[in-house]
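# Chain and residue survey
If you want the building blocks of each chain, they are given just below.
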Amino acid sequence: MNWCHTWFGIALGGLLFAIFWMGTLTVVDSEIDQWMKPELRMTFDDGGGSVILDDLVLPRLQGEAKIGSFVIITLPKKREPFLEYSFDNLEGERTSVKLNPRDGTYIAETESEAASDFFYSFHYMLHIRWNNIGLWLVGFSSMAMLVLIVSGIFIHRKIFADFFTFRPWKALRRSTLDLHNLTSVVALPFYFFITVSGLLILFMIFLPWPISAIYSGDDGAFRDDYFGFVSLSEENPQAAEMQSLDQYLIQAANIWTERTGSPEVADVLYINNFGTENATVTARQLFTSKRVEVGKETLVFDAISGHILKDFSAGPARHAHTWLVGLHYIQFDHWPLRWLYLVCGLMGCVMIATGNLFWMRARIRTGREQTVQVRVIRALTVGAVSGIIIATGAFLIANRLLPAEAALLGNGRAALEIWAFFLTWISTFIHAAVRDKAAWRDQCWVIAVLGVSAILLNWITTGDHIPAMISEGIWSVASMDLILLAGALTAIWAALRLKKSETTGAFSKHVQTEPSDEAQAR
Amino acid sequence: MSVTNDALFLFLAALTAIIGCALLALSQSRNWREVIGGKPPELTPRLAKWTGWIFIFASLVFCVLRDGGSFAAILWPLLFAVGALSVAMLLAYRPSCLKPVSAILAKAAAYESRLRAQELSRPGNKQG
């Protein structure tokens, strides 16, 4: 067990940290999006019931979308206060449009992948799309995470006796282990469920065989049964124009409200085979604000005749799945939970980082500090931990500094932001290899500088500062600035403490080493 | 549910989670020494453990009252996690902050001994 925990941890610690860090950022993806795309800074509070798609969306689609196109319309909600729809345009290119739900004006947003594209896809596919390799790597790491959680429980000798134990005044190695144990044990159910639910979201990728065995490789048939969709044939249908979208929203709302006894609305509409006689409209409660479950209710209408083709409500097994998946997606509107997820996500990052640090401390104590093994792992750990935080800071700074028309070597503005992220990240590894022990302190100072600069740049480029955002009720941007400030202050504190620890050998000002305790922990 | 009720139940759920964790921490003699000093009186660790769990269960009740079971199943363990982390940090840096929690223990001990006395004084229960 010990061997398994140590080597899975060392081999995958950096990767797990990246996944956890990006996942934690994705908890506040809409908020980061609003920070990075100032055009989205607005408020919307009425739950999506008042939007009139027949005026805002349908005429535009009839002019711009290709016949037979698949259309997704996402209604505005509190966290994403805009109306969004995507379709294949007349040239066949996938196009996405955001509208202000109040007046239907087009939002010319900053060109950026921001958090909901870049951080989110990095979280589950590491920005490696080729052959799903990224997905499989994340899947493998998630399985390893489960192994680490279980083996950790077995090798932790005093789970209950040491439940609340953190002794910063003890030798650095001991206090690192305390912090690793503490952050692991108190949020253990969170780590377990977040990892399992992450694997469950991608069950069709990781376990395709049972589905293909039962459905003989027909994924469409499986989706129809499992998600409540309807697939109609796409063979040479006649062109036909649909009259209304709003009628389906109203009909779905009425049916669901009657079923549950409380007000319900659809938050997303799909149109299949747009502009043909086979067109269907699928109304879904995909990411509803008021419940954990994802995609529990689905209604499919014939878009031309208006008849209901399918009324799907999740059965017990599917219901359990929608809850677990919803627990991972956290698209519900519940601000205390969002903050708690953020704190627990950061706790997970601390758990992974202290795990690797403890491994190094154990080797330094036995006089193996200058071995290649320790130096390599140290450089990798510094780059994986503080390096990815610096790279994230660089991504935010690049977003504020790059001009709208920026382009280099065929890369547009959004791609250049990602280049800034990866180039910065690589350079932190090089810096860590060169500076060895001092790298932690250097990089903490860089994080502090980046955090403060990001706040100032947001102010300079948009005129939005924390008090102004609070008074306008745009909490997303105010919270982002406050988190950046807290991050910068924590980095300064860590840098100062690290400097002190180089002279005293402990993380706290009162150094105390107990030989008996050292012997016990060995 | 109204905004005030939401805020009240959230506050109570967080408070009971933290107090519950603090009581569980005080049920361990090492932490008792840090916070109060000396050895805990006899039976106090057991009492602290039981009251601690009662508070943590109360936290679950407040979570359910606020949000219903589906959200409470997530809110409760996360409040517990953050509560336990806060208690551990207080024990490490400001142990005296946890002293007021021992007042709850004193109350619980007094109540328990009163119960015991009543039990003994009831006719037919003499031999206890």
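Residues numbered from 1 in each chain as written. Chains lettered and ligands numbered in written order. Predicted model: local features only at pLDDT ≥ 70, side-chain atom pairs only at ≥ 80, totals over all residues.

## Some thoughts on the overall build of chain B
- Scanning chain B from terminus to terminus reveals five helices and zero strands.
- Counting only C-alpha atoms and orienting by the principal axes, one finds that chain B spans roughly 50 × 40 × 20 Å.
- Residue burial in chain B is summarised as follows: out of 128 residues, 41% are buried.
- For chain B, the share of sequence-separated contacts (at least 6 apart) that also reach a separation of at least 24 residues comes to 73%. (Helix = DSSP H or I, 4+ residues; strand = E, 2+ residues; numbered from the N terminus. Buried ≥ 20, exposed ≤ 12 C-beta atoms within 10 Å, placed from the backbone. Contact = placed C-beta atoms within 7 Å.)

## What about the overall build of chain A?
- Along chain A, the regular secondary structure elements total 20 helices and seven strands.
- For a compact globule of 522 residues, the expected C-alpha radius of gyration is about 24 Å, and chain A comes in at 26 Å, within 12% of that figure.
- On the principal axes, the C-alpha backbone points of chain A span a range of 80 × 55 × 45 Å.
- Counted over contacts in chain A with a minimum sequence separation of 6, partners at least 24 positions apart contribute 70%. (Rg over C-alpha atoms; globule rule 2.2 N^0.38 Å.)

## What to know about the interface of chain A and chain B
- Across the contact, 22 residues belong to chain A and 20 residues belong to chain B.
- For the side of chain A that touches chain B, the elements supplying multiple residues, two or more each, are α7 (172-186), α8 (188-201), α13 (316-329) and α14 (335-365) of chain A.
- Examining the composition of the side of chain A that touches chain B, we find that six residues originate from one element, α14 of chain A, more than from any other.

## Overview of the sheet that holds strand β1 (residues 71-74) of chain A
Residues and elements named next belong to chain A.
- In space, the seven strands of this open sheet follow the order β3-β2-β1-β4-β5-β6-β7, with antiparallel pairing throughout. This sheet does not close on itself; its edge strands, each paired only once, are β3 (94-99) and β7 (308-313). Going from strand to strand, the sheet's axes swing by 15° on average, the running direction of each strand aside.
- Bridge count for strand β4 (residues 268-272) against strand β5 (residues 280-284) is five bridges, and the pairing is antiparallel. Across the sheet, N272 pairs through a bridge with T280, a residue of β5. (Pairing = 2+ DSSP bridges. Axes fitted to C-alpha atoms, helices over the stretch in contact; angles between N-to-C directions.)

## With respect to helix α5 (residues 114-125) of chain A
All names here are of chain A.
- Over its 12 residues, α5 runs 16 Å from end to end, which matches the ideal 16 Å to within 8%, given 1.5 Å per residue.
- Turning to α5, its buried residues are A114, A115, F118, F119, F122, H123 and Y124.
- Looking at the buried positions of α5, the neighbouring elements they touch are α1 (2-27), α2 (29-36), α6 (133-155) and α16 (413-435).
- Directly after α5, the chain includes L126, whose backbone phi takes a positive value near 55°. (Expected span 1.5 Å × (residues − 1).)

## So, the nonpolar core
- By size, the foremost hydrophobic cluster in this structure holds 120 residues, and its most contacted members are F17 of chain A together with A22, L78, L79, A81 and V87 of chain B.
- The leading source of residues in this core is helix α4 (residues 69-93) of chain B, at 17 residues.
- Those residues in contact with A81 of chain B that sit more than four places away from it in its chain are V186, A187, F190 and C344 of chain A.
- Listed in part, the 32 residues of the second largest apolar core include I73, L75, F229 and A283 of chain A. (Core = buried A, V, L, I, M, F, W, Y, C linked by C-beta atoms within 7 Å.)

## Observations concerning the environment of I330 of chain A
Residue and element names in this part refer to chain A.
- Here I330 lies in the loop between α13 and α14.
- Given 19 C-beta atoms within a 10 Å radius, I330 is considered partly exposed.
- With 158 residues separating them in the primary sequence, I330 and L172 have C-alpha atoms 36 Å apart.

## A word on the pairing of β3 of chain A
Residues and elements named next belong to chain A.
- Summarising the sheet, strand β2 (residues 83-88) and β3 pair through six bridges and their orientation is antiparallel. Looking at β3, one finds that E84 is bridged to K98.
- The turn linking β2 back onto β3 is made up of five residues, and G92 within it adopts a positive phi angle of 85°.

## Comments concerning the confidence of the model for chain A
Residue and element names in this part refer to chain A.
- Looking at chain A, pLDDT values average 87 and 94% of them are 70 or higher.
- At the low end of the mean pLDDT range in chain A sits helix α20 (residues 515-521), at 38; at the high end sits α8, at 94.
- Predicted confidence for residues 507-522 stays below pLDDT 50, and this span has 21 contacts to residues more than four positions away or in other chains. (pLDDT = per-residue confidence, 0-100.)

## As for the packing of helix α3 (residues 44-67) of chain B against α4 of chain B
Residues and elements named next belong to chain B.
- Remark: α3 packs on α4, axes separated minimally by 8 Å, with the N-to-C direction vectors making an angle of 140°. Classified by the angle their axes make, α3 and α4 are oblique. Crossing hand, α3 versus α4: right-handed. Contacts from I56, S59, L60, C63, V64 and D67 of α3 reach α4 at G69, F71, A72, L75, W76, L79 and F80.
- In the contact of α3 with α4, the residues fall into 10 nonpolar, two polar and one charged. (Parallel < 35°, antiparallel > 145°, perpendicular 65-115°, else oblique. Left-handed = near helix turned anticlockwise from the far one by under 90°. Nonpolar A, V, L, I, M, F, W, Y, C, P; charged D, E, K, R; others polar.)

## What to know about the confidence of the model for chain B
All names here are of chain B.
- Looking at chain B as a whole, its pLDDT mean stands at 87, while 95% of the residues score no less than 70.
- At the level of individual helices and strands, chain B shows its lowest average pLDDT in helix α5 (residues 99-121), which scores 81, and its highest in α4, which scores 93.
- Across the assembled chains, the prediction reports ipTM 0.88 with pTM 0.90.

## Concerning the packing of α6 of chain A against α8 of chain A
Residue and element names in this part refer to chain A.
- Where α6 meets α8, the closest approach of the two axes is 10 Å, and the angle between their N-to-C directions is 150°. Taken together, the axis directions place α6 and α8 in an arrangement best described as roughly antiparallel. Where α6 crosses over α8, the two elements pack in a sense that is left-handed. In this structure, α6 contributes G139, S142, M145, L146 and I149 to the contact, and α8 contributes L188, Y191, F192, T195, G198 and L199.
- Within the contact of α6 with α8, the residues separate by chemical class into seven nonpolar, four polar and no charged.

## Thoughts on the pairing of β5 of chain A
Residues and elements named next belong to chain A.
- Burial analysis of β5 places five of its five residues in the buried class, the great majority of the element.
- The two faces of β5 match: T280, T282 and R284 on one face and V281 and A283 on the other face are all buried.
- Strand direction decides the pairing type here: β5 and strand β6 (residues 297-302), joined by five bridges, are antiparallel. Across the sheet, the residue bridging to A283 is L299, located in β6.

## Focus: the environment of F429 of chain A
- Residue placement: F429 of chain A occurs in helix α16.
- Along the chain, F429 of chain A and T381 of chain A lie 48 residues apart, while their C-alpha atoms are 8.7 Å from each other.

## Examining the environment of Q443 of chain A
All names here are of chain A.
- As for its placement among the helices and strands, Q443 is situated in helix α17 (residues 439-462).
- Sequence separation between Q443 and T428 is 15 residues, and the spatial gap between their C-alpha atoms is 7.9 Å.
- Sequence-distant contacts of Q443, defined by excluding residues within four places in its chain, comprise V382, S386, G387, I390 and T428.

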